Every structure is written in structure tokens, then in C-alpha cells.
Amino acid sequence: MAKPVVYVLNGPNLNLLGTREPEIYGTTTLDDIAGMLEDRAQELGCEIEMRQSNHEGHLIDWLHEAQAEGARAVLLNAGAYTHTSIALHDAIKAIRTPVIEVHLSEPKEREAFRHISYVGLAASDCVSGHGAQSYIIALEKAMNP
Ligand code: DQA
């Protein structure tokens, strides 16, 4: 039987992880995170579909695709769109696939404009503040809800 697939969707500026504000986000690159997720996925018996885009519409299309493809769950680090995008909020509400919000940093302890999360208002869970490890914790939650 095919293994369950977990989509891992990454939004704007996350392609620059490793060099982007390392004092906040650390020095782990998105490729490093993909590798960590692959290793953990193998142990958990699932597959990872890892994507990154700087464009809001791509993230929305991929949320729809995750449902159409029968994904087990979506881990979504929407970057700054977290705090601005009603369209992403609506896309999460529009699908039945569980979506777990992910952040490397702890947005609620940062600038006030990061305190609202339109993603969080629709997502089923949130993991934040653990650096790259946030993704691994979220994957474990996705596989053992
Ligand atoms: C982030 C937090 C957001 O506030 C920020 O805009 C990002 C990264 C995080 O992973 O900590 O781009 O989602």
C-alpha cells in the first residue's frame, strides 16, 4: 500500500533560510530541513512533498492539490503571509486535509504585526519557536494526531 504523503509548504523568503536573519531563524537551510524531514518520515512510514514559493497563489494551489492528492496532512509555514492572507485562511478552511501551522521563530513574542495569524485561525494545530525542529515536531503530530 502507498505510504501516506505529508505536504510541507513554505512561503516567502524561506528559500533564504541559512543566511536570512540567522540570529532569528538560525543557520539551517531549507534543504537541510528537507533532509531532516525525509529522515524522520522514513522512520514514521510516510513521504514528504516539500515545496517553497514566494507567491501566495502557489501556496493556495498547493493546498488544493494536497486535498486532491489525498495527502495525510499539510505542514504550512506561510512566512509573512501568515499575518496578512485571508486568501490562505480561506484555502485552509476550504479543504478537509488537516493543516498544521509551522514557524521557526515564535511570532507571538516578536513585533505586534506578527501577533495575528490568519493561518492559525483556520489551521488545526500550530508548532512554533523550536527553530528547524518545529517542522519535525509538526510532522510527528501529523502522523500521530
Ligand atoms: C516565520 C515567522 C513569520 O513572522 C515571518 O514573516 C517569516 C518566518 C517563522 O518561521 O518563524 O517569514 O514564519
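All of the points below concern the structure found in this document.

Let's shift gears to empty space enclosed by the protein. Once rolled over the atoms, a probe with the size of a water molecule shows which space is left empty. Counting across every chain of the model gives one cavity of 30 Å³ or more. Estimated volume of the largest cavity: approximately 120 Å³.

This part is about the site of the ligand. The environment of the ligand is made up of R20, Y25, N77, G79, A80, H83, H103, L104, S105 and R114. Within the side chain of R20, an N or O atom sits 3.0 Å from an oxygen atom of the ligand. S105 is positioned such that a nitrogen or oxygen atom in its side chain is 2.6 Å from an oxygen atom of the ligand. Here the ligand, which alone exposes 320 Å², has 99% of that area covered by the protein. Judged by its atoms lying within 2 Å of the grid points, the ligand is housed in the largest cavity. When grouped by side-chain class, the residues that make up the shell around the ligand number three nonpolar, five polar and two charged.

At a minimum axis distance of 10 Å, the contact between helix α3 (residues 56–68) and helix α4 (residues 86–94) shows a crossing angle of 5 degrees. Judged by the angle between their axes, α3 and α4 are roughly parallel. Contacts between α3 and α4 pair E56, L59, I60, L63, H64 and Q67 from the former with A87, L88, A91, I92 and A94 from the latter. Here the contact of α3 with α4 is built from residues that sort into eight nonpolar, two polar and one charged.

Scoring rules and cut-offs
- Residues numbered from 1 in each chain as written.
- Predicted model: local features only at pLDDT ≥ 70, side-chain atom pairs only at ≥ 80, totals over all residues.
- Heavy atoms only, no water.
- 1 Å grid on protein atoms, 1.4 Å probe; cavity = no way out; pocket = protein on both sides within 12 Å on 5 of 7 lines; lining within 4 Å.
- Points joined across faces, edges and corners; volume = space filled by probe spheres on them.
- Near = heavy atom within 4 Å.
- Polar contact = N/O pair within 3.5 Å; in protein donor to acceptor, adjacent residues only side chain to side chain.
- Areas by Shrake-Rupley, 256 points an atom, 1.4 Å probe, with all protein chains shown as cover.
- Sits in = over half its atoms within 2 Å of the grid points.
- Nonpolar A, V, L, I, M, F, W, Y, C, P; charged D, E, K, R; others polar.
- Axes fitted to C-alpha atoms, helices over the stretch in contact; angles between N-to-C directions.
- Helix = DSSP H or I, 4+ residues; strand = E, 2+ residues; numbered from the N terminus.
- Parallel < 35°, antiparallel > 145°, perpendicular 65-115°, else oblique.
- Contact = heavy atoms within 4.5 Å.

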